[in-house]
Amino acid sequence: MAHTDQIVFFDTTLRDGEQSPGCTMHPGEKLRFAHQLAALGVDIIEAGFPIASAGDFDSVRTIAKEVKGVRIAALARAKQADIESAARAVEPAQNNRIHTFLSSSDIHLEHQMRMSRAQALDLAAESVRRARSFVDNVEFSPMDATRTEAAFLCEMVKVAVQAGATTINIPDTVGYVTPSEYTAIFRMLRELPGMEGVIFSTHCHDDLGLAVANTLAGIEGGARQVEVAVNGIGERAGNAALEEVAAALLVRRDVLPYTSNIVNTQLYPTSALLAEIVDHPVAPNKAVVGKNAFAHESGIHQHGVLANPLTYEIMTPASVGVTATTIVLGKHSGRRALEHRLTELGHTLTREELDSVYHRFTELADRKKSIYDQDIVALLNVHSAEP
Ligand code: KIV
Ligand code: ZN
């Protein structure tokens, strides 16, 4: 396959995302969310880890039966029972994938897997071959890839590709890598012989707050699949946030000239649906979808945004599915913002009236953290009651 500029979005909200505390979902909720992911335009949904429980198996199988137009993947350790379970679960999908993984770092092999490097190479090859006996589309992940010695990582990737892996994912399992290191890993792997038809994938955790930056760095290194989760949920500090990667590709086309199937106006509705389903509120300052992402409180910013939103907004709220910019009235607000809100509430004031109400407003805002419309109307009433 020729190297393209199309970025494949692999959503792992229902698998890695669900593994985070407070994010467990019932099968009905997973199905509802999977339909929304399809509407959002993701290319692949990692629907779960079928061997983990009967409930997860049923959930993946139901999604594979009912959600159309998107590839359905299931996770499996490099174990026969896992791979067979994943194969049965994704079997009803029009397009499916088995995603199998095995640790590659010495720290994991020695302390967790108790396995030599040679044994790990054999097992990786055997697992990919087994997965390929069920489906044509197999992803292999050397877990903890970014803490794996480079030469051994190359060996493991080579055996997985020779055994039939079509996508190679490079997980930054513990959120350790830096952007330039991650770019270099993809460049190194893509240079290996036999990698021509292989799609490389990012999978970044946010332990150092670098997951989105690392994902973009992976693309720079030649990765063409990104593994992401809505609202950035996932193990520990979470996974790279889908909406942030999509927004970066939308806003910075000048330096990130890639296409994808993501319907950007579905970003906020998808985030809101997930927040409704899981017990995990979106932080107000969360990029793109947080309640303050398009809110302006300072007078200088409000003045600019009221004159032209592009003064302080790098994307329109509508472009990511948010219905309005919020002008938040508080102690940093100026006369212009107050006048704007009063006009919206149906009150047109003379300059002197506005000055007087503004004076009272600043006194109130010093005392009260949140100013509501009722407070403003009350100020107006005090003003008109004055002799
Ligand atoms: O973070 C990780 O290494 C994973 C693998 C299962 C891909 O989630
Ligand atoms: Zn992960």
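Remember, it's a predicted structure, so these values are computed and weren't measured experimentally.

Visitor: What is the right way to look at the pairing of strand 2 (residues 44–48) in this model?
Guide: Residues in a regular strand project their side chains so that they alternate between the two faces of the sheet. Most of strand 2 sits inside the fold, with five of its five residues counted as buried. Looking at chain direction, strand 1 (residues 8–11) and strand 2 are connected through two bridges and run parallel. Within strand 2, the residue paired with Asp-11 across the bridge is Ile-45. In this view, the connection linking strand 1 to its parallel neighbour strand 2 by way of helix 1 (residues 27–40) has right-handed handedness.

Visitor: Got a minute to help me understand the environment of Lys-368 in this structure?
Guide: Assignment of secondary structure puts Lys-368 in the loop between helix 13 (351–367) and helix 14 (373–385). Residue Lys-368 is classed as exposed on the basis of its 12 C-beta neighbours within 10 Å. Along the primary structure Lys-368 and Lys-331 are separated by 37 residues, whereas in three dimensions their C-alpha atoms are 8.8 Å apart.

Visitor: Please explain the UniProt feature "domain: Pyruvate carboxyltransferase" (unreviewed entry) in the chain as it appears in this structure.
Guide: Here the UniProt feature "domain: Pyruvate carboxyltransferase" (unreviewed entry) sits at residues 7–268. Taken end to end, residues 7–268 is 42% helix and 18% strand, and its two terminal C-alpha atoms sit 20 Å from one another.

Visitor: Looking at this model, I keep getting lost on the sheet that holds strand 6 (residues 167–172). Mind explaining?
Guide: Whether parallel or antiparallel, the strands of a sheet pair through hydrogen bonds between backbone atoms. Spatial strand order, 1-2-3-4-5-6-7-8: eight strands in a closed barrel with parallel pairing. Put simply, the sheet's adjacent strands are angled 25 degrees from each other on average, direction ignored. As paired elements, strand 2 and strand 3 (residues 71–77) share four bridges and run parallel to each other. Bridge pairing links Ile-44 to Arg-71 in strand 3.

Cut-offs applied
- Residues numbered from 1 in each chain as written.
- Chains lettered and ligands numbered in written order.
- Predicted model: local features only at pLDDT ≥ 70, side-chain atom pairs only at ≥ 80, totals over all residues.
- Buried ≥ 20, exposed ≤ 12 C-beta atoms within 10 Å, placed from the backbone.
- Helix = DSSP H or I, 4+ residues; strand = E, 2+ residues; numbered from the N terminus.
- Pairing = 2+ DSSP bridges.
- Right-handed = clockwise from strand over helix to strand, strands pointing away.
- UniProt positions renumbered as here; feature names shortened; annotations may be inferred.
- Axes fitted to C-alpha atoms, helices over the stretch in contact; angles between N-to-C directions.

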